[in-house]
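Descriptive analysis of the structure
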Amino acid sequence: MKPDLQRMLRTAARALSGAGLVTAYGHCSFRRDESTFLVTPAVPLGQIGRRPGIVAAVTGELPRDVPGEVRLHQAIYRRRADVGGIARVLPVAVRALSALGCTARPLDGTGAYFAPGPPLWPDPRLVRTEMAAESVAEALGNAPAIVLRGNGAVVVGESLPRAVVLAQFLETASEMDLAVRSTGAGAVEFSADEATARAVWTGGIEERMWCYLTRDAPEARRVR
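Reading guide: rules and limits
Residues numbered from 1 in each chain as written. Predicted model: local features only at pLDDT ≥ 70, side-chain atom pairs only at ≥ 80, totals over all residues. Heavy atoms only, no water. Helix = DSSP H or I, 4+ residues; strand = E, 2+ residues; numbered from the N terminus. Salt bridge = Lys/Arg side-chain N within 4 Å of Asp/Glu carboxyl O. Buried < 20%, exposed > 50% of the residue type's maximum accessible area, 1.4 Å probe, protein only. Disulfide = S-S within 2.5 Å. 1 Å grid on protein atoms, 1.4 Å probe; cavity = no way out; pocket = protein on both sides within 12 Å on 5 of 7 lines; lining within 4 Å. Points joined across faces, edges and corners; volume = space filled by probe spheres on them. Nonpolar A, V, L, I, M, F, W, Y, C, P; charged D, E, K, R; others polar. Pairing = 2+ DSSP bridges. Contact = heavy atoms within 4.5 Å. Axes fitted to C-alpha atoms, helices over the stretch in contact; angles between N-to-C directions. Phe/Tyr/Trp six-rings, centres within 6.5 Å; stacked < 30°, edge-to-face > 60°. Right-handed = clockwise from strand over helix to strand, strands pointing away.

Locating Val66 in the fold gives a position in the loop between strand E3 (54–57) and helix H2 (71–79). Separated by 78 residues in sequence, Val66 and Pro144 have C-alpha atoms that sit 23 Å apart.

This is the structure in structure tokens:
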């Protein structure tokens, strides 16, 4: 395993923790090739230290020392050839909206990336069986994220940094939605055309947010 890939995984793990997107629970991974991916071990991501990521197969049994919900990663990588990274997160605003039976609406730039809103998985149980993971992956479809009621979200991207950035966008969009709901007034959502026009990656959108999220990561400068 190339050292840079291990550093990138640890940097992403620390970024998710530093942004408050995970707690003692949560994990992330990136695709190595068609049949394997590298995933964080079963430790709090902010305390990953120098622990190496664990190679897991896209099909078959999970390796030891990874969370059972890594079956979600397997199911998504099997279904989505476009996905190169996955972040399993538990941010507060995302969970709060899900308790209302809602997900973030496209009310600002961050919400536009998920328009018309990420799907909501209604079952609050942990996704630890292959059957459940397959069902969640099917419900995700081609969306960049799916919210699990009372249980956070799964966010995907063409790379792990993209998935981490989208996880931050999802929480920001959820905070925005909660704030608007608290006023009791009606919200003006982005139209489909407005959301498409706003949800762009040009101009260093991903790079600047990744830089911001990894600003305190000891290994960030070495990540390419």
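Right, let's talk about the pattern of salt bridges for a bit. Tallied over the full model, the rule gives 11 salt bridges. Between Arg80 and Asp82 there is a salt bridge whose closest N-O contact spans 2.9 Å. Of the residues examined, Arg80 reaches a relative accessible area of 7% and is grouped as buried. The salt bridge partner of Glu158 is Arg162, with a shortest N-O separation of 3.7 Å. According to the relative accessible area criterion, Arg162 is buried, its value standing at 12%.

Let us look at the state of the cysteines. Tallied over the full model, the rule gives 0 disulfides. Take Cys28: it sits in no disulfide, and the sulfur closest to it among the cysteines is that of Cys211, at 18 Å.

What follows deals with the layout of surface pockets. Roughly 250 Å³ of volume is contained in the largest pocket. The wall of the second largest pocket is formed by 13 residues, among which Pro144, Val156, Gly157, Arg162 and Leu166 lie closest to the centre. Partitioned by chemical class, the residues of the lining of the second largest pocket number 7 nonpolar, 2 polar and 4 charged.

Spatially, 7 strands are ordered E3-E2-E1-E4-E7-E6-E5 in an open sheet, and the strand pairing comes out mixed. The outermost strands of the open sheet, each flanked by one partner alone, are E3 and strand E5 (120–121). In terms of strand pairing, strand E2 (residues 36–39) meets E3 through 4 bridges, oriented antiparallel. Its bridge partner lying in E3, Leu38 is registered against Val55. Seen against the sheet, helix H5 (residues 130–140) touches E5, strand E6 (145–148) and strand E7 (153–157) and runs at an angle of roughly 130° to E6.

On to the packing of aromatic side chains, then. The way to describe two aromatic rings as a pair is by their centre distance and the angle between their planes. This model, assessed by the stated rule, comprises 4 aromatic pairs. Considering the side-chain rings of Phe37 and Tyr77, the 5.0 Å spacing of their centres and the 40° angle between planes classify their relative orientation as tilted. Remark: Tyr77 occurs in helix H2 and Phe37 occurs in strand E2; sequence separation between them is 40 residues. For the pair formed by Phe37 and Tyr77, the shared burial category is buried. An angle of 10° between the planes, with centres 6.1 Å apart, marks the rings of Phe169 and Trp201 as stacked. Residue Phe169 is located in helix H6 (residues 160–183), and its partner Trp201 is located in the loop between helix H7 (192–198) and helix H8 (205–213); the two are separated by 32 residues in the primary sequence.

Another aspect to go through is the pairing of E6. Of the two faces of E6, the one lined by Ala145 and Val147 and the one lined by Ile146 and Leu148 are each fully buried. Relative to E6, E5 runs parallel, the two being bridged by 2 bridges. The residue bridging Leu120 from the neighbouring strand is Val147, located in E6. Considered for its hand, the β-α-β crossover made up of E5, H5 and E6 is right-handed. Where E6 meets E7, 3 bridges bridge the pair, whose relative direction is antiparallel. Residue Ile146 lies in a different strand from E7, and its bridge partner there is Val154.

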